[in-house]
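Listed below, chain by chain, are the residues.
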Amino acid sequence: MYEKFISYINTHATTPLNEQEVRLIKNIFEPKRIRKKQYFLQEGEVCKYMGFIVKGAMRMYSVDDRGVEHVLSLFVENWWAGDRESFTMLTPSIYNIDAWEDTDMLTITHARLVEFNSIPALLELSRRLDQNHSFANMKRLNASNSLSLEQRYAHVAEKYPEFLQRFPQHIIASYLGVAKETLSRVRSQAIKK
């Protein structure tokens, strides 16, 4: 499990990990298995862990007053899962995160961040991920405000084809902010073209 994570870090950082840093990573990141439909985080809890997904798929969502789920994020292998605000600020989360498939993760607690930040490659990776996360959120907000559903669906199909293969249509529809029936119509039209 750690080998995949070490490879991920070395791929995304300009400073490769040395043996001492690899040992430290194995010490501060704990393996965790989340079974399908099991919660990683529930609304109202403080997010105690950030997790790197080694294998599996998860979703992050909120539930409105009518009981309707609104999917904010989807996570698959080589993605980080957790509520960043709750984890950083130690405040109760307004989101749920659950496993859509059996998921193997490497998790870190807030208390272990000092050790995390002592490793140059992880600090560099963290800064890059924060930057990429900010850019992706801006693009998603812009797309939801300015692109048609057809264009947004095409973007997801092109950029994240694994989402369409691993999550059912109602989850994808919620992620795109539309009803399942609306997405079904758009998909049918796209197939006909």
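**Student:** Can you help me understand the overall build of the chain in this one?
**Tutor:** Of the regular secondary structure elements, the chain holds nine helices and eight strands. Expected size for 193 residues packed as a compact globule is a radius of gyration near 16 Å; at 18 Å, the chain falls within 12% of this value. In terms of its C-alpha atoms, the chain occupies a principal-axis envelope of roughly 55 × 35 × 30 Å. Excluding contacts between residues fewer than 6 apart, the proportion of contacts in the chain whose partners are at least 24 apart in sequence is 71%. When the accessible surface of the chain is totalled, it reaches about 11200 Å², and 51% of it is carbon and sulfur. The chain carries 26 positive and 23 negative side-chain charges, and their two centres are separated by 5 Å.

**Student:** Teacher, can you tell me more about the pattern of salt bridges here?
**Tutor:** Close approach of charged atoms lets side chains of opposite charge pair. Enumeration according to the criterion identifies ten salt bridges in this entry. Between Asp104 and Arg33 there is a salt bridge; the shortest N-O distance is 2.8 Å. Of the two residues, Asp104 sits in strand β8 (residues 103–109) while Arg33 sits in strand β1 (residues 30–34), which places them 71 residues apart along the sequence. Measuring nitrogen to oxygen at the nearest pair gives 3.3 Å for the salt bridge that ties Glu124 to Arg128.

**Student:** Can you walk me through the side chain of Asp98 in this structure?
**Tutor:** Position of Asp98 relative to the elements: it lies in strand β7 (residues 96–99). Only 2.9 Å separates the side chain of Asp98 from the side chain of Arg59, close enough to count as a polar contact. A polar contact of 3.4 Å, which involves the side chain of Asp98, links it to the side chain of Tyr61. Look past the residues within four positions of Asp98 in its chain and what remains in contact with it is Lys37, Gln38, Tyr39, Phe40, Met58, Arg59 and Tyr61.

**Student:** How should helix α5 (residues 120–146) be read in this particular structure?
**Tutor:** Its 27 residues place the ends of α5 39 Å apart at the C-alpha level, agreeing with the 39 Å of an ideal helix rising 1.5 Å per residue. When α5 is considered as a whole, its buried residues turn out to be Ala121, Leu122, Glu124, Leu125 and Ala143.

**Student:** Is there a simple way to explain the environment of Gly56 in this structure?
**Tutor:** Along the chain, Gly56 turns up in the loop between β3 (49–55) and β4 (58–63). Along the chain, Gly56 and Trp100 lie 44 residues apart, while their C-alpha atoms are 7.6 Å from each other. Sequence-distant contacts of Gly56, defined by excluding residues within four places in its chain, comprise Phe75, Val76, Glu77, Glu101, Asp102, Thr103 and Arg166.

**Student:** Quick question: what am I supposed to make of the environment of Arg140 here?
**Tutor:** For Arg140, the location among the structural elements is in helix α5. Note on Arg140: relative accessible area 30%, which makes it partly exposed. Residues Arg140 and Asp130, spaced ten residues apart in sequence, show a C-alpha to C-alpha distance of 15 Å. Not counting chain neighbours up to four residues away, the residues in contact with Arg140 comprise Val71, Leu72 and Tyr175.

**Student:** I tried to follow the side chain of Asn96 on my own but got confused; where do I start?
**Tutor:** Tracing the backbone through its elements, the reader meets Asn96 in strand β7. Residue Asn96 is classed as buried on the basis of its relative accessible area, which comes to 5%. Polar contacts involving the side chain of Asn96 include one to the main-chain amide nitrogen of Glu43, which spans 2.9 Å. Other than its neighbours up to four places away in sequence, Asn96 contacts Tyr39, Leu41, Gln42, Glu43, Arg59, Met60, Tyr61 and Val63.

Reading the values: rules and limits
- Residues numbered from 1 in each chain as written.
- Predicted model: local features only at pLDDT ≥ 70, side-chain atom pairs only at ≥ 80, totals over all residues.
- Heavy atoms only, no water.
- Helix = DSSP H or I, 4+ residues; strand = E, 2+ residues; numbered from the N terminus.
- Rg over C-alpha atoms; globule rule 2.2 N^0.38 Å.
- Contact = heavy atoms within 4.5 Å.
- Areas by Shrake-Rupley, 256 points an atom, 1.4 Å probe, with all protein chains shown as cover.
- Lys, Arg positive; Asp, Glu negative; His and termini not counted.
- Charge placed at Lys NZ, Arg CZ, Asp CG, Glu CD.
- Salt bridge = Lys/Arg side-chain N within 4 Å of Asp/Glu carboxyl O.
- Polar contact = N/O pair within 3.5 Å; in protein donor to acceptor, adjacent residues only side chain to side chain.
- Expected span 1.5 Å × (residues − 1).
- Buried < 20%, exposed > 50% of the residue type's maximum accessible area, 1.4 Å probe, protein only.

On their own, these measurements won't tell you what the molecule is for.
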